[in-house]
Number of protein chains: 2
Amino acid sequence: MKQDSRLSATLHVLLHMADRGAPMTSEELAVCLGTNPVVIRRTMAGLRETGLVRSEKGHGGGWTLARALDAITLGDVHRALGEPALIALGHRSESPQCLVEQAVNAALGEAFAEAEALLAGHFDRVRLSDLAADFSRRFDERRQVHAKHDKAL
Amino acid sequence: MKQDSRLSATLHVLLHMADRGAPMTSEELAVCLGTNPVVIRRTMAGLRETGLVRSEKGHGGGWTLARALDAITLGDVHRALGEPALIALGHRSESPQCLVEQAVNAALGEAFAEAEALLAGHFDRVRLSDLAADFSRRFDERRQVHAKHDKAL
DNA sequence: TTTCATGTAACTTTTAATGTTACATGATTG
DNA sequence: CAATCATGTAACATTAAAAGTTACATGAAA
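The shown structure was predicted, so the numbers you read here are calculated from the model rather than taken from an experiment. Starting afresh in each chain, residues are numbered from 1 along the sequence in its written order. Labels are handed out in written order, letters beginning with A for the chains and numbers beginning with 1 for the ligands. Totals for whole chains, interfaces and linings use every residue, but because this is a predicted model, local features are given only for residues with pLDDT of at least 70 and side-chain atom pairs only at 80 or more, for both listing and counting. With hydrogens and water excluded, all non-hydrogen atoms of the structure serve as input to the side-chain values.

Draft legend 1. The arrangement of the relation of the copies chain A and chain B in detail. Fitting of the copies onto one another was done by least squares over C-alpha atoms, counting residues only where both copies have pLDDT of at least 70. When chain A is brought onto chain B, the operation consists of a screw motion whose angular component is 180 degrees and whose axial shift is 0.0 Å, with 0.0 Å RMSD remaining. Both copies are brought into coincidence by an operation consistent with a two-fold rotation axis. Here a residue-residue contact requires only that any non-hydrogen atoms of the pair lie within 4.5 Å. Of all interface residues in chain A, 100% are interface residues in chain B too; the two copies therefore contact each other through one and the same surface.

Laid out in C-alpha cells, this is it:
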C-alpha cells in the first residue's frame, strides 16, 4: 500500500515557515522536503483556501503562516488537504447485494470508524505549537550534546 | 489513496467456504468476488501457510477451512495476509536528519500507533463466527420480509 | 522592463494492488 | 493409463493515486 505523506510533508513545511518568520519561496520549501516546487504550490493551494497560509508573488514573496502555531491543529491541516482517507483498508463494494459481504462490511466498517475517530480526535487535540515545542526540546538537546563534545576537546 | 481490500475479500471468501461445508474451487470463489481465480489462489496461499485453510487438487478439490469459525479472528486473517499497513498516512522519511521532521514524525507516529493498536486489538477480538452470526441475522431478516411480502399477495 | 515568485495545466513516473495469460504439477475418474 | 479437473506459479498487463516534471501565464517588486 502506497502511503500518503502529504500531511507529514505539510506539517514539516509549516513548521519551517513559522521558524523562519519571513516569507519562504516554494523553491526553498521544496529543498527542505527534497521535492519539486510545484508539488509545494499544489499542496499549499488547499491550505490557502482554508486560510492557514498566505502567498505573495514577486520579489520578497513566498509563503507565510496566516495564523499563530497554537491556532492550527493537525486536524485543520488534514481537512485543508481534503481529508484524505486515514485507514488503508477498504471494502470491495460499498453496497453489496451479497449478505455475506454485507456482514463483512458491517464488521470492518465499525472497526475502521472507531480507529478513524480516534485518529481524527487526536489530530484535533494536537496543535502545531506542540510540535514546535518538541522541536525546540530536540534542538536544545542537540546543543547540549555539542557543548559536551566541545568541552571534551 | 488506493485502498487495500484483501482483508475484506478474504473474509468474504472464508465465510462462503464455511457456509458451503464442501471444498470450493478458486473458480467458484472468484465468481463470489467478481474477480479472477488466480487472485484467489494468490491470496489464499498465505492463509494455507498459516494453517487457516487447506487446498486439494484434482476432482472434488478446492479450498476448505482448516479451523472452526470461532477459532479464527480477523487478526489471524490480517496476519496471514502479511500484515498490510492499516494506516493510510506515512512519514516522508523514516529517520530524518532534520529536527523539524523528527518532531513531525514523533507526533504523527504516536497518533498512528494509537489508532493501529486500537484497530489491531479490535481485529483480535472479533471472530469469523461473529460475522457468520451477523450474516444469519441478516438472512432471517430477509426471509421475514419475503414471507410478509408473499402473505400480502 | 527585467526579474522573481506564484498559478496552473498537462504530462510523466512511481508504486502497489489487481487482473490476465500460459503452462506445470498433482489428484481423481472412467 | 489417459482425460479431466484443480491447484501452483511465473510472467506479464492494467489500474489508480501520489509524486514529480515541464512549460508557460500572471502579477509584484526592484
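Draft legend 2. A look at the pairing of strand 1 (residues 53–56) of chain B. Residue and element names in this part refer to chain B. Across four bridges, strand 1 lies against strand 2 (residues 62–65) in antiparallel orientation. Residue Ser 55 lies in a different strand from strand 2, and its bridge partner there is Trp 63. Two strands pair under a simple rule: DSSP has to find at least two bridges between them. Working definition: helices are DSSP H or I runs of at least four residues, strands are E runs of at least two. Numbering for both runs from the N terminus. Two successive antiparallel strands, strand 1 and strand 2, enclose a turn made up of five residues, where Gly 58 displays a positive phi of approximately 75 degrees.

Draft legend 3. Summary view of the interface of chain A and chain B. The interface is formed by 50 residues belonging to chain A together with 50 residues belonging to chain B. Defined here as a combined quantity, buried area equals the accessible surface (1.4 Å probe) lost by two parts on assembly, summed across both. Buried surface at the junction of chain A and chain B, both sides included, amounts to about 4,800 Å², of which 69% is carbon and sulfur. Its largest share of buried area at the contact with chain B, chain A owes to Leu 89, Arg 92 and Leu 99 of chain A, together 14% of the area lost on that side. Here, a salt bridge means any Lys or Arg side-chain nitrogen found within 4 Å of an Asp or Glu carboxyl oxygen. For the interface between chain A and chain B, the tally reads zero salt bridges.

Draft legend 4. Structural detail: the state of the cysteines. We call a pair of cysteine sulfur atoms a disulfide when they lie within 2.5 Å. A complete count under the given rule lists zero disulfides over all chains for this structure. Cysteine Cys 32 of chain B shares no disulfide, and the gap to the nearest cysteine sulfur, in Cys 98 of chain A, comes to 6.8 Å.

Draft legend 5. Focus on the packing of aromatic side chains. All names here are of chain A. Between rings of Phe, Tyr and Trp, where Trp is taken as its six-membered ring, a pair exists when centres lie within 6.5 Å; planes separated by under 30 degrees are stacked, by over 60 edge-to-face, and by other angles tilted. This model, assessed by the stated rule, comprises two aromatic pairs over all chains. When the ring of Phe 135 is compared with that of Phe 139, the centres are 6.0 Å apart and the planes differ by 35 degrees; the resulting orientation is tilted. Of this pair, Phe 135 and Phe 139 both sit in helix 6 (residues 128–152), four residues apart, which is roughly one turn of that helix. Each residue's exposure class comes from its accessible area (1.4 Å probe, protein chains only) as a fraction of the maximum for that residue type: buried when under 20%, exposed when over 50%, partly exposed otherwise. By relative accessible area, Phe 135 is classed as buried at 16%.

Draft legend 6. The pattern of salt bridges, seen in detail. Tallied over the full model, the rule gives 16 salt bridges over all chains. For the salt bridge of Asp 134 of chain B with Arg 137 of chain B, the shortest nitrogen-to-oxygen distance reads 2.8 Å. Taken as a pair, Asp 134 of chain B and Arg 137 of chain B lie in helix 6 (residues 128–152) at a separation of three residues, close to a single helical turn. Asp 134 of chain B sits in the buried class, given a relative accessible area of 16%. Assessed through its relative accessible area of 43%, Arg 137 of chain B is described here as partly exposed. If you follow the salt bridges from partner to partner, you end up with Arg 67, Asp 76, Arg 79 and Asp 124 of chain A in one network.

Draft legend 7. Molecular detail of the environment of Thr 10 of chain A. All names here are of chain A. As for its placement among the helices and strands, Thr 10 is situated in helix 1 (residues 6–20). Note: C-alpha distance between Thr 10 and Leu 74 (64 residues apart in sequence) is 9.9 Å. Residues within four places of Thr 10 in sequence aside, it is in contact with Thr 43, Leu 47, Val 77 and Leu 81.

Draft legend 8. Highlighting the nonpolar core. If you look at the biggest cluster of nonpolar residues, it comprises 86 residues, and the most contacted ones within it are Met 17 and Phe 123 of chain A together with Met 17 and Phe 123 of chain B. Residues within four places of Met 17 of chain A in sequence aside, it is in contact with Met 24, Leu 29, Met 44, Val 53, Trp 63, Thr 64 and Leu 65 of chain A. Residue types Ala, Val, Leu, Ile, Met, Phe, Trp, Tyr and Cys, when buried and joined through side-chain atoms within 4.5 Å, form a set referred to as a nonpolar core.

Draft legend 9. Inspection of the environment of Ser 55 of chain A at higher detail. All names here are of chain A. Position of Ser 55 among the secondary structure elements: in strand 1 (residues 53–56). Beyond its immediate chain neighbours, meaning those up to four positions away, Ser 55 contacts Arg 48, Gly 62 and Trp 63. Polar side-chain contacts of Ser 55 include one of 3.2 Å to the side chain of Arg 48. Identification of polar contacts relies on pairs of N or O atoms within 3.5 Å, with a donor-acceptor requirement for protein atoms, meaning one able to donate a hydrogen and the other able to accept it, and with residues adjacent in sequence counted only if both atoms are side-chain atoms.

Draft legend 10. A look at unusual backbone geometry. Residue and element names in this part refer to chain A. You will see that Glu 83, though not glycine, has its phi angle at about 50 degrees, which is positive. With respect to the helices and strands, Glu 83 occurs in the loop between helix 4 (74–80) and helix 5 (99–125). You can call Glu 83 exposed: its relative accessible area is 53%.

Draft legend 11. Structural view of the side chain of His 12 of chain A. Residue placement: His 12 of chain A occurs in helix 1. Beyond its immediate stretch of four places on either side in the chain, His 12 of chain A contacts Cys 32 and Leu 33 of chain A together with Cys 98, Val 100, Glu 101 and Val 104 of chain B.

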